[in-house]
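So you can see what is in the structure, the chains are spelled out below.
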Amino acid sequence: MSKADNGRQLPDGAIETFLLPQDGLLPNNPVLPVIVYTGALQDHPERTEQIFNDNGWLNSWQDGVFSYHHYHSNAHEVLGVMSGSASLQLGGDAGRTLEVSAGDVLVLPAGTAHKLLHSSAGFRVAGAYPGGVDYNTRRATAEDLAAALPEIAKVPLPDSDPVYGKAGPLLEAWDASGG
C-alpha cells in the first residue's frame, strides 16, 4: 500500500469501477464510472463526513438513502456508510445491486440513479459533493431526463478524491475515462 497526500492508506484492490448505461428515464453517466471503495473507512466509519469535508467534498449530510430511483444531474456525489448495512440499486431496474456496510464508500458520477432496496436497523450514510455544490434531485420522468442530459455533460471533474485527497484513485480513474 502507498499513502495518499492526506496520509490515508491507498487500498490494494479494494476498488471497483463500472459504467452504467442509460436505463429508460434514468440517464446514469455515459462517460464516468461509479467507483466503490470497499471497506475504505472501516476503521473509523463515524468520521466519514469529516473525511469527505477535509478532502473538499462539502454540503454534507447524514441520513439514509431514498427508497426510489433518484439522481443528481448537476453534481457528483459520494456516499459513505457510517453504520449498518444495506442493498442499494444503482443505475435503475436493469442496473446493479450492491451490498454495502459500514466503511464502504461509493462515488456516483452526475446522473447515476440510486435507491435503497432494504437496510438493517441503524443504517446511516454521509453524503457530500465536490466543492459543496448545491445539488438538485431528479427522478425517473421524461421531463427530468430532458433537463438532465445537458446538465450532466457540464459537471466538472472534482479537484480531489473524497477519501484519499489530491492523489486519490478517483482522479486517475475519471481522467482516464475522458471526463
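The preceding data block contains the structure.
Sequence positions are assigned chain by chain, starting from 1 and proceeding in written order. A pLDDT threshold of at least 70 governs which residues receive local features in this predicted model, and a stricter bar of 80 or more applies before side-chain atom pairs are shown or counted, although totals over entire chains, interfaces and linings include all residues. Here the side-chain values reflect all heavy atoms present in the structure, with hydrogen atoms and water set aside.

Visitor: What is the right way to read the nonpolar core from this model?
Guide: The nonpolar side chains of a soluble globular protein tend to be buried with one another. Counting residues in hydrophobic clusters, the biggest one holds 20 residues, and the most contacted among them are Leu90, Val100, Leu106 and Phe123. We call two residues in contact whenever any of their non-hydrogen atoms come within 4.5 Å of each other. Discounting residues that sit within four places of it in the chain, Leu106 has contacts with Ile35, Val36, Glu77, Val78, Leu79, Leu88, Leu90, Leu98 and Val100. Within this scheme, the nonpolar core is defined by two criteria: the residues are buried Ala, Val, Leu, Ile, Met, Phe, Trp, Tyr or Cys, and they are joined through side-chain atoms within 4.5 Å. Buried residues are those whose accessible area, probed at 1.4 Å on protein chains only, stays under 20% of the maximum for their type, while exposed residues exceed 50% and partly exposed ones sit between those limits. In this structure, Tyr37, Leu41, Val105 and Leu170 belong to the second largest nonpolar core, which totals 18 residues.

Visitor: Would you take a moment to explain the environment of Leu20 for this structure?
Guide: By the secondary structure assignment, Leu20 is in the loop between β1 (15–18) and β2 (34–37). Sequence separation of Leu20 and Gly91 is 71 residues, and the distance between their C-alpha atoms is 5.8 Å. Discounting residues that sit within four places of it in the chain, Leu20 has contacts with Asn28, Asn29, Val34, Leu90, Gly91, Gly95, Arg96 and Thr112. A run of H or I in DSSP counts as a helix once it spans at least four residues, and a run of E counts as a strand once it spans at least two, with each numbered from the N terminus.

Visitor: Would you mind going over helix α2 (residues 142–154) with me for this structure?
Guide: Counting along an α-helix, one turn takes 3.6 residues, and residues three or four places apart therefore face a common direction. Maximum bend of α2: about 35°, positioned at Ala148, with proline Pro150 one to four residues after it. Along α2, the residues classified as buried are Asp144, Leu145, Ala148 and Ile152. As for α2, its buried residues are in contact with β4 (70–71) and β11 (138–139). A residue's bend is given by the angle between axes fitted to the 7 residues ending at it and the 7 residues starting at it.

Visitor: Help me understand the sheet that holds strand β8 (residues 105–108) in this model?
Guide: In a beta sheet, neighbouring strands pair by backbone hydrogen bonds and run either parallel or antiparallel. One open sheet accounts for six strands, arranged β1-β2-β8-β5-β10-β3; its pairing is antiparallel. The sheet is open, and its two borders are formed by β1 and β3 (57–63), each paired with just one other strand. Going from strand to strand, the sheet's axes swing by 15° on average, the running direction of each strand aside. Strands qualify as paired when DSSP identifies two bridges or more between them. Here the axes come from fitting lines to C-alpha atoms, over the contacting stretch only for helices, and the angles between their N-to-C directions go from 0 to 180 degrees.

Visitor: Just checking my understanding: could you explain the pattern of salt bridges for this structure?
Guide: Where side chains of opposite charge bring their charged atoms close, a pairing between them can arise. When a carboxyl oxygen of Asp or Glu lies within 4 Å of a side-chain nitrogen of Lys or Arg, that pair is called a salt bridge. Per the stated rule, a full pass over the model turns up three salt bridges. Salt-bridge contacts for Glu151 lead to Arg138; the nearest nitrogen and oxygen are separated by 3.1 Å. Separated by 13 residues along the polypeptide, Glu151 in helix α2 and Arg138 in strand β11 bring together distant segments of the chain. Counted as one network, the salt bridges with shared partners bring together Arg138, Asp144 and Glu151.

Visitor: Would you take a moment to explain unusual backbone geometry for this structure?
Guide: One can expect most non-glycine residues to show negative phi and most peptide bonds to be in trans. Here Asn28, not a glycine, exhibits a phi torsion of approximately 55°, which is positive. Of note, Asn28 is situated in the loop between β1 and β2. Classification of Asn28 by relative accessible area gives buried; the value is 0%.

Visitor: Would you mind going over the pairing of β8 with me for this structure?
Guide: Successive side chains on a regular strand alternate, one facing one side of the sheet and the next facing the other. Side chains Val105 and Val107 of β8 all project onto a buried face; the interleaved residues Leu106 and Leu108 project onto the opposite face, where all are buried too. Bridging between β2 and β8 involves three bridges; their strand directions are antiparallel. What sits directly across from Ile35, in β8, is Val107. Sheet analysis places strand β5 (residues 77–83) next to β8, joined by four bridges and oriented antiparallel. The partner of Gly80 across the bridge, within β8, is Val105.

Visitor: Could you clarify how one ought to interpret the packing of aromatic side chains in this entry?
Guide: Centre-to-centre distance and the angle between the planes together describe a pair of aromatic rings. Pairing of aromatic rings covers Phe, Tyr and Trp, the last through its six-membered ring, and needs centres within 6.5 Å; plane angles under 30 degrees mean stacked, over 60 mean edge-to-face, and all others mean tilted. Summed over all chains, the structure comprises three aromatic pairs. Ring geometry for Tyr37 and Tyr164: centres 5.3 Å apart, planes at 85°, overall edge-to-face. Of this pair, Tyr37 sits in strand β2 while Tyr164 sits in the loop between α2 and α3 (169–176); the two residues are 127 residues apart in sequence, bridging distant segments of the chain. Relative accessible area serves as the criterion here: at 0%, Tyr37 is assigned to the buried category. An angle of 10° between the planes, with centres 5.0 Å apart, marks the rings of Phe66 and Tyr68 as stacked.

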